[in-house]
Protein chains: 2
Amino acid sequence: MSKKKSLGAETIAPPSPVWVIGSYDAAGKPNMMTASWVGVCCSRPPCVMIALREATYTHGNIMKRRAFTVNMPPGRYAAETAYFGQVSGRDVDKLAATGLTAVKSDSVDAPYLGEFPLIIECAVIKTVELGLHTMFIAEIKDVKASESVLDENGTPDLEKLDPFVFSYGSGGFYGTGGFLGNVSKLAEDIKR
Amino acid sequence: MSKKKSLGAETIAPPSPVWVIGSYDAAGKPNMMTASWVGVCCSRPPCVMIALREATYTHGNIMKRRAFTVNMPPGRYAAETAYFGQVSGRDVDKLAATGLTAVKSDSVDAPYLGEFPLIIECAVIKTVELGLHTMFIAEIKDVKASESVLDENGTPDLEKLDPFVFSYGSGGFYGTGGFLGNVSKLAEDIKR
């Protein structure tokens, strides 16, 4: 046991996922925004939640269109992903600036990034006002992946996806990798 | 751009965070459960959400006590963390089985793990029934960290914390690390 120091009531919960959220504005212009306050939140129906400030361009887009995509960035797109979180779609065309491609989803009214290997198409089912952030809870309508990131069972492989995470504090992205073990097998050590 | 294959409406969103959730049952027995469908969801007030099936022991505990802790597992506790997610507190005393220490939180009615270097004390402010899972939205009342994981500014350092993530598919834990860059600096490459 180690003595602990209080850091106060802060949103310190590293590491956070890094998701690029795709949406259309009222004129149909695609926009991408990077968010870390996100997560899966139900299995049946399959749902995710994303929490956004009302001030963001994406917040207005999703309020109107009731749909978005989640685009999982691989390490080779760390700079583009950082950029998507640092500028507003109100001011710039982020797709034009990065040269990435917006593709219309099949199942929802939102664009995904053609170059990213794993994307999720989501339809909003509920909004929860929490204070500075609005939580959008959305049903997963489809997941699409490039063959290059699938294992022999057709399941996305973490090492092939090469995702990264965000850490409060340094304000930095950190890679993932290094298989620690299968959860059932790891638990056997304790059960024994 | 790569051609994509539909994987259907599944909760495939790797990687997910790995949080150990601490709670007391009606008799005051501490319990720990591992959850991955979790995330930060508001900055003011500072909030997190965790999504749990009603069938879990922790779900009943939190419904009664309206409080829980989030305990961030470092890599050296991967086996204990796996175990916490594989057995129910209804059947076994997980603290006794692992030899880890439950410490009463200062600010909420829930126990944290003395050995884990970063913990968050949370008080439930809202529950949202989504289907198979209930979402508990809770206000962060305090964050506590061991000095050993803080950097020179007193902020938790990801490499010192050595957290890991979970991936659907392999059902495995994967390490984090490898600094990819500060977000503001990475974005400069695109703005230029």
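Residues numbered from 1 in each chain as written. Chains lettered and ligands numbered in written order. Predicted model: local features only at pLDDT ≥ 70, side-chain atom pairs only at ≥ 80, totals over all residues.

Glancing now at the pairing of strand 11 (residues 133-146) of chain A. Here is the key point about a regular strand: its side chains alternate between the two faces of the sheet. Residue and element names in this part refer to chain A. Across the 14 residues that make up strand 11, a large majority, eleven, are buried. Relative to strand 11, strand 6 (residues 47-53) runs antiparallel, the two sharing seven bridges. Across the sheet, the residue bridging to Arg53 is His133, located in strand 11. Where strand 10 (residues 118-129) and strand 11 come together, eleven bridges link them in antiparallel fashion. Counted as the bridge partner of Val128 is Met135 from strand 11. (Buried ≥ 20, exposed ≤ 12 C-beta atoms within 10 Å, placed from the backbone. Helix = DSSP H or I, 4+ residues; strand = E, 2+ residues; numbered from the N terminus. Pairing = 2+ DSSP bridges.)

Contact geometry of helix 5 (residues 183-191) of chain A with helix 2 (residues 78-86) of chain B gives a least axis separation of 7 Å together with a crossing angle of 100 degrees. With respect to their mutual orientation, helix 5 of chain A and helix 2 of chain B come out roughly perpendicular. Listed contacts from helix 2 of chain B to Val183(A), Ser184(A), Leu186(A), Ala187(A), Asp189(A), Ile190(A) and Lys191(A) of helix 5 of chain A are Ala78(B), Ala79(B), Glu80(B), Ala82(B), Tyr83(B), Gly85(B) and Gln86(B). By residue class, the composition of the contact of helix 5 of chain A with helix 2 of chain B is eight nonpolar, three polar and three charged. (Axes fitted to C-alpha atoms, helices over the stretch in contact; angles between N-to-C directions. Parallel < 35°, antiparallel > 145°, perpendicular 65-115°, else oblique. Contact = placed C-beta atoms within 7 Å. Nonpolar A, V, L, I, M, F, W, Y, C, P; charged D, E, K, R; others polar.)

Right, let's get into helix 5 (residues 183-191) of chain B. Every α-helix winds through 3.6 residues per turn, so residues three or four apart in the chain are directed the same way. Listing the buried residues of helix 5 of chain B in full gives Val183(B), Leu186(B) and Ala187(B). On an axial view of helix 5 of chain B, the arc spanned by its buried residues comes to 100 degrees, and they lie on one face. Buried-residue contacts for helix 5 of chain B involve helix 2 (78-86) and strand 13 (172-182) of chain A together with strand 13 (172-182) of chain B. (Arc of directions from axis to C-beta.)

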